[in-house]
Amino acid sequence: MKYIIILSDGMAGRPLEELNKRTTLEAAHTPVMDKLARVSELGMASMVPEGMAPGSDTANLSVMGYDPKIFYTGRSPLEALSIGVDMADTDVSFRCNLVTLSEQEGDYEDQVMLDHSSDEIETKDAAILVAALKEGLKAEGYEFYVGTSYRHLLIQKDGTAAELTPPHDILTKGIGDYLPKDRILRDMMEKSYEILKNHPLNEERRRKGQRPANSAWFWGAGRKPSLTSFEERTKKKGVMISAVDLLKGIAVGAGMDRIFVEGANGGLYTNYEGKARAALDALTKAGYDFAYIHVEAPDEMGHQGLTEDKITAIENVDGKVLRVVLEGLEASGEDFRLLLLPDHPTPIEVRTHTGEPVPYLLYDSTKPIEGAEEYSEKTAALTGRSFRDGYRLISHLLEEELC
């Protein structure tokens with residue numbers, strides 16, 4: 001038996017007036033999901049424990065079977081694992097987003113958060129700007145590291161994990177009330193604005209009609225994580241396929257292998273089919289028992305507030321990931337169990353994560369059952385099935401209780 005999770009990040013949402021009170025998932029044309037729903041188990045799962053922030057970090061740990069209340073130490077340290085940063089136990093890692101602020105008259109604190117991703121800046125451009133930050137923000141005990149796209153790291157030696165605000169939570173808002181209380185971090189952010197605002201690369205971005213990456217924004221602080229081995233817990237050899245450092249970091253911490261897919265960038269135009277084919281090769285040719293395909297695009301489009309683009313992202317997951325995986329596994333003759341779900345909702349109207357339960361679909365190629373007419377938040381909720389502790393859902397997928 002082979003096992004696969006297709007994680008469509010932020011795919012769930014809330015009914016929208018512009019979509020005749022349908023969610024983006026309901027409005028999307030998803031023939032493969034809906035066909036599968038008719039022979040699958042549907043239900044709801046709470047991937048974000050009560051009292052914890054609804055982030056992709058806590059939620060994906062749950063999906064992987066790790067109780068966030070036990071294993072979560074912060075988002076950025078997981079990304080540090082992916083990048084290969086050797087953290088000491090006393091170090092603190094901060095996510096460093098390259099963001100777009102409004103550049104209006106006034107002080108730094110008077111600016112407005114326009115974009116948490118600077119138009120999903122490419123890594124090669126971001127690396128130039130991070131190099132400028134390394135040079136201009138030299139401080140004893142602090143070190144910058146280049147990540148992917150707009151997602152980078154700041155490591156503090158012998159630091160303190162401060163509570164900081166994710167930039168995607170304050171889109172269109174003034175930043176003054178959300179700046180760090182830590183004076184050094186705040187000063188570094190203010191100075192980063194001075195360094196980056198008129199950087200030649202940002203001048204070029206403006207000429208191209210792209211948003212400038214004109215400030216660093218620190219958040220997601222935490223200490224070195226300690227995850228138990230996925231293979232030891234599940235007796236399954238697993239592989240992670242994701243463009244996002246957070247997911248790759250979870251894989252590193254869990255002792256799972258990672259596959260890097262050319263053209264996979266976490267955006268709307270990521271290499272969907274390449275991810276699906278990489279998973280198929282891992283399961284049918286390379287001896288893996290379990291594959292986790294993470295697709296970031298629906299979440300990014302939710303953060304941008306782009307209804308049609310979020311619908312497109314969901315349709316791409318349906319046609320370019322789920323379809324390819326199903327057809328490939330069926331052609332291989334392998335028996336398999338497949339779990340499809342988002343980690344959390346990213347509703348268009350709030351443009352950030354929320355903590356509501358998410359719809360899941362569980363298909364067993366050896367035991368098709370009577371399911372629902374379509375895969376959606378509504379049909380999944382109507383089944384009455386639910387996992388209050390979302391981290392237990394993977395035990396249901398694997399049909400065994402994890403230690």
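My aim in this report is to walk through the structure given alongside it, one point at a time. (Residues numbered from 1 in each chain as written. Predicted model: local features only at pLDDT ≥ 70, side-chain atom pairs only at ≥ 80, totals over all residues. Heavy atoms only, no water.)

### Comments concerning the pattern of salt bridges
Selection rule: Here, a salt bridge means any Lys or Arg side-chain nitrogen found within 4 Å of an Asp or Glu carboxyl oxygen. Going along the chain from the N terminus, every DSSP run of H or I of four or more residues is numbered as a helix, and every run of E of two or more is numbered as a strand. Here's how the labels work: a residue is buried when its accessible area is under 20% of the maximum for its type, exposed when over 50%, partly exposed in between, all with a 1.4 Å probe on protein chains only.
Under the defined criterion, the tally for this structure stands at 30 salt bridges. Residue Glu300 pairs with Arg151 through a salt bridge whose shortest N-O separation is 3.4 Å. Of this pair, Glu300 sits in helix α12 (residues 297–304) while Arg151 is found in strand β6 (residues 151–156), placing the two residues 149 residues apart along the sequence. As far as burial versus exposure is concerned, Glu300 and Arg151 are alike and both buried. Glu190 is paired through a salt bridge with Arg186; the nearest N and O atoms lie 3.2 Å apart.

### Remarks on the pairing of strand β7 (residues 215–222)
Let me state the cut-off plainly: Two strands pair if DSSP finds at least two bridges between them.
Burial of β7 is extensive: eight of the eight residues sit out of reach of the surface. For strand β3 (residues 92–101) and β7, the ladder comprises six bridges, and the chain directions are antiparallel. Paired with Arg95 across the bridge in β7 is Trp219.

### Description of the nonpolar core
One recurring pattern in soluble globular proteins is that nonpolar side chains are buried together. The condition is simple: Here, nonpolar core means buried Ala, Val, Leu, Ile, Met, Phe, Trp, Tyr and Cys residues that are tied together by side-chain atoms lying within 4.5 Å of each other. A contact between two residues is defined here by any heavy atoms of the two lying within 4.5 Å.
Counting 50 residues, the largest nonpolar core has Ile6, Met33, Ile293, Leu322, Leu338 and Tyr375 as its most contacted members. Here this core gets ten residues from one element, more than from any other, and that element is helix α13 (residues 307–332). Excluding anything up to four places from it in sequence, Ile293 contacts Ile4, Ile5, Ile6, Leu7, Ile241, Lys275, Ala276, Ala279, Val321 and Val325. In terms of nonpolar packing, the next biggest core, distinct from the first, is built from 36 residues, Leu339, Val358, Tyr360 and Leu397 among them.

### What about the pairing of strand β1 (residues 2–8)?
The side chains of a regular strand alternate, first on one face of the sheet and then on the other. Across the seven residues that make up β1, a large majority, seven, are buried. A two-sided burial pattern is seen for β1, the buried positions comprising Lys2, Ile4, Ile6 and Ser8 on one face and Tyr3, Ile5 and Leu7 on the other. Where β1 and strand β11 (residues 336–341) come together, six bridges link them in parallel fashion. Residue pairing for β11: Leu7 is matched across the bridge by Leu341. Relative to strand β10 (residues 290–295), β1 runs parallel, the two being bridged by six bridges. Within β10, the residue paired with Ile5 across the bridge is Tyr292.

### Here we look at the sheet that holds β10
Test applied: For helices, the fitted line uses only the C-alpha atoms of the stretch in contact; every axis is such a line through C-alpha atoms, and the angle between N-to-C directions lies from 0 to 180 degrees.
In spatial order, the strands read β9-β8-β10-β1-β11-β12-β2-β13; together these eight strands make up an open sheet with mixed pairing. The open sheet has two free edges, formed respectively by β9 (257–259) and β13 (386–387), since each of these has just one partner strand. Lying over the sheet, helix α11 (residues 272–284) contacts β1, β8 (238–241), β9 and β10, oriented at roughly 175 degrees with respect to β10.

### Observations concerning empty space enclosed by the protein
Worth spelling out the cut-off: A 1.4 Å probe that fits but cannot get out identifies a cavity on a 1 Å grid over protein atoms alone, an open set with protein on both sides within 12 Å along at least five of seven lines counts as a pocket, and a residue lines either if it has an atom within 4 Å of a point. Grid points are joined across faces, edges and corners, and a volume is the space filled by probe spheres set on the points. Each residue is assigned to one class: nonpolar for Ala, Val, Leu, Ile, Met, Phe, Trp, Tyr, Cys and Pro, charged for Asp, Glu, Lys and Arg, and polar for all the others, Gly among them.
Taken as a whole and judged by the stated rule, the model has one cavity of 30 Å³ or more. Space inside the largest cavity adds up to approximately 100 Å³. Arg75, Tyr150, Glu296, Asp299 and His303 are the residues nearest the centre of the largest cavity, which is lined by 18 residues in total. Residue assignment for the lining of the largest cavity shows that the elements contributing at least two residues are α10 (245–253) and α12. Broken down by element, the lining of the largest cavity gets its largest block of residues, three residues, from α12. Its residues assigned to classes, the lining of the largest cavity comprises five nonpolar, six polar and seven charged.

### Some remarks on the environment of Ser332
Within the fold, Ser332 resides in helix α13. In sequence terms Ser332 and Thr284 are 48 residues apart; their C-alpha atoms lie 7.0 Å from each other.

### What about the packing of aromatic side chains?
So the rule is basically this: Planes of paired rings set the category: under 30 degrees apart is stacked, over 60 is edge-to-face and the rest tilted, where pairs are Phe, Tyr or Trp rings (Trp by its six-membered ring) whose centres lie within 6.5 Å. Counting as a charge over the ring demands two things of the Lys NZ or Arg CZ atom: a distance within 6 Å of the ring centre and an angle within 35 degrees of the ring normal.
Tallied over the entire structure, the rule returns six aromatic pairs. Judged by centre distance (6.3 Å) and plane angle (40 degrees), the ring pair of Phe144 and Phe218 falls under tilted. With a gap of 74 residues between them, Phe144 in strand β5 (residues 142–148) and Phe218 in strand β7 connect regions that are remote in the sequence. The exposure class of Phe144 is buried, given its relative accessible area of 4%. Ring centres of Phe336 and Tyr363 lie 5.7 Å apart, and the angle between their planes is 55 degrees; on these two criteria the pair is classed as tilted. Linking Phe336 in strand β11 with Tyr363 in strand β12 (residues 358–364), this pair joins segments that are 27 residues apart in sequence. For the pair Phe336 and Tyr363, one class covers both residues: buried. Here Arg233 stacks its cationic end above the ring of Tyr66, 4.6 Å away from the centre of that ring.

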